[in-house]
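# Coordinates in review
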Amino acid sequence: SITIRGKSGAGTDILNANGTNGSKPAHRIFKVTDCDLTLEGLTLKGGMATDTETLGGGIYCNNSEKLTIKNCSIQDCTASSSGGGIYITTGASGQVNSTLILKDGARISGNSAKNGGGIAVDSAKVYMEGATTSIGGAHGDKNIATAYGGGVYVSDGIFTMSGGIITGNDALKGGGVYGGTKGEIIIKGSSEISENTATMSGTLAGGGIESDYKLTI
């Protein structure tokens with residue numbers, strides 16, 4: 001298990017990948033495989049998965065029993081496929097279920113991808129906890145998906161929200177949260193999902209939540 005903790009907090013301790021400034025190759029910030037990781041009091045920004053790797057602009061997590069994000073901001077990251085901010089998956093059959101925990105003021109904002117502008121979940125579990133934890137925000141803080149799940153995209157796995165807010169995110173379907181045919185969504189406690197937008201015209205597309213599988217509120 002590894003913990004990476006900022007010295008002064010997310011406002012000043014910043015890991016900035018700087019997009020593609022200076023004509024350097026696009027790159028994400030963290031790739032976490034077969035390891036438990038806690039990030040605390042940091043800002044991750046400007047990560048990109050848009051070249052040979054297309055998943056997880058800020059963080060790509062595979063086969064990690066626990067990835068914990070505490071009082072961190074993940075912002076302005078991009079993936080050309082899924083998980084602009086974070087992509088979490090479990091690898092081959094029989095491996096552990098990867099788990100992501102967002103808590104204590106974690107903030108996912110201003111990220112973009114085809115699916116899961118903020119977070120994409122594939123054969124994994126995500127827990128969003130605490131009153132100050134947020135996905136999205138107003139104006140430039142919103143996460144954007146050109147297809148499904150502006151805030152969160154759950155293709156296969158479980159997303160459980162027991163606190164915090166998902167707000168101001170945009171997608172074609174599922175502006176706040178999108179659950180695919182194997183993606184379960186559980187909303188409970190004092191959670192708030194508000195002012196998200198689905199842009200698909202002529203159909204019910206789920207501005208707040210679009211679920212094609214199991215939804216519990």
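Going by the structure above, here's the rest.
Here the structure is a predicted model, which is why all the values come from computation and not from measurement. (Residues numbered from 1 in each chain as written. Predicted model: local features only at pLDDT ≥ 70, side-chain atom pairs only at ≥ 80, totals over all residues. Heavy atoms only, no water.)

## Remarks on the overall build of the protein
As a reminder of what qualifies: Helix and strand assignments come from DSSP, with helices taken as H or I runs of at least 4 residues and strands as E runs of at least 2, each series counted from the N terminus. As defined in this context, the radius of gyration uses C-alpha atoms, and a globule is described by 2.2 Å times the residue total to the power 0.38. Burial here depends on accessible area, computed with a 1.4 Å probe over protein chains only, as a share of the maximum for the residue type. Under 20% is buried, over 50% is exposed, and the range in between is partly exposed. Should any heavy atoms of two residues lie within 4.5 Å, those residues are counted as being in contact. Only the protein chains shown count as cover for residues, with accessible areas throughout obtained via the Shrake-Rupley method and a probe of 1.4 Å.
Within the protein, the secondary structure is distributed over 0 helices and 25 strands. Relative to its length of 217 residues, the protein is compact, with a C-alpha radius of gyration of 15 Å against a globular reference of 17 Å. With respect to the principal axes defined by its C-alpha atoms, the protein has extents near 45 × 35 × 35 Å. Within the span of the protein, comprising 217 residues, buried residues form 51% of the whole. The contacts in the protein between residues at least 6 apart in sequence include a share of 82% that link residues at least 24 apart. Surface summary for the protein: the accessible area is close to 9100 Å², and the carbon and sulfur share equals 47%.

## Here's the deal with the sheet that holds strand E9 (residues 73-75)
Going by this rule: Here a strand pair is declared whenever DSSP counts at least two bridges between the two strands. All axes here are fitted lines through C-alpha atoms, helices being fitted over the stretch that makes contact, and every angle between N-to-C directions spans 0 to 180 degrees.
Spatially, E2-E5-E9-E13-E16-E19-E22 is the arrangement adopted by the 7 strands of the open sheet, whose pairing is parallel. Of all the strands in the sheet, the pair left with one neighbour each is strand E2 (14-16) and strand E22 (192-194). On average, adjacent strands in this sheet sit at an angle of 10 degrees to one another, irrespective of strand direction. Where E9 lies against strand E13 (residues 107-109), 3 bridges are found, and the strand directions are parallel. In the strand pairing of E13, Gln 75 is matched with Ser 109.

## Concerning the pairing of strand E15 (residues 119-128)
Strand direction decides the pairing type here: strand E11 (residues 86-89) and E15, joined by 4 bridges, are parallel. Counted as the bridge partner of Thr 89 is Asp 122 from E15. In the sheet, strand E12 (residues 98-103) pairs with E15 via 5 bridges, with the strands oriented parallel. Among the inter-strand pairings, Ile 101 is bridged to a residue of E15, identified as Tyr 127. With 9 bridges connecting them, E15 and strand E18 (residues 152-161) associate as parallel partners. Across the sheet, residue Val 126 finds its bridge partner in E18, namely Phe 159.

## Thoughts on the packing of aromatic side chains
Basically, it comes down to this: Paired rings are identified among Phe, Tyr and Trp, the last through its six-membered ring, by centres lying within 6.5 Å, and are further divided according to the angle between planes into stacked (under 30 degrees), edge-to-face (over 60) and tilted (the rest).
Taken as a whole and judged by the stated rule, the model has 3 aromatic pairs. Taking the centre distance of 5.6 Å and the plane angle of 15 degrees together, the rings of Tyr 60 and Tyr 87 count as stacked. Here Tyr 87 lies in strand E11 and Tyr 60 lies in strand E7 (residues 59-62), a separation of 27 residues in the sequence. Judged by relative accessible area, which is 14%, Tyr 60 ranks as buried. Note on Tyr 148 and Tyr 178: the rings are 4.5 Å apart at their centroids and 10 degrees apart in plane angle, and the pair reads as stacked. Residue Tyr 148 is found in the loop between strand E17 (144-145) and E18, and its partner Tyr 178 is found in strand E21 (residues 177-187); the two are separated by 30 residues along the sequence. An aromatic cluster of at least three residues, connected via ring pairs, comprises Tyr 148, Tyr 153 and Tyr 178.

## Some words on the environment of Cys 61
Here Cys 61 lies in strand E7. Expressed as a C-alpha distance, the spacing of Cys 61 and Thr 99, which sit 38 residues apart in the sequence, is 9.2 Å. If sequence neighbours within four positions are ignored, Cys 61 has contacts with Val 32, Leu 67, Tyr 87, Ile 88 and Thr 89.

## Observations regarding the pattern of salt bridges
Close approach of charged atoms allows side chains of opposite charge to pair. Keep this limit in mind: In the sections that follow, a salt bridge refers to a side-chain nitrogen of Lys or Arg positioned within 4 Å of a carboxyl oxygen of Asp or Glu.
Using the criterion set out here, one finds 6 salt bridges in the structure. Measuring nitrogen to oxygen at the nearest pair gives 3.2 Å for the salt bridge that ties Arg 5 to Glu 40. You can see Arg 5 sitting in strand E1 (residues 2-5) and its partner Glu 40 sitting in strand E4 (residues 37-40), a full 35 residues away along the chain. The exposure class of Arg 5 is exposed, given its relative accessible area of 55%. For Glu 40, a relative accessible area of 22% puts it in the partly exposed group.

## Some points on unusual backbone geometry
The phi torsion at Asp 104 lies on the positive side, around 55 degrees, for a residue other than glycine. By the element assignment, Asp 104 lies in the loop between E12 and E13. The phi dihedral of Glu 195 falls on the positive side, at around 55 degrees, and the residue is not glycine.

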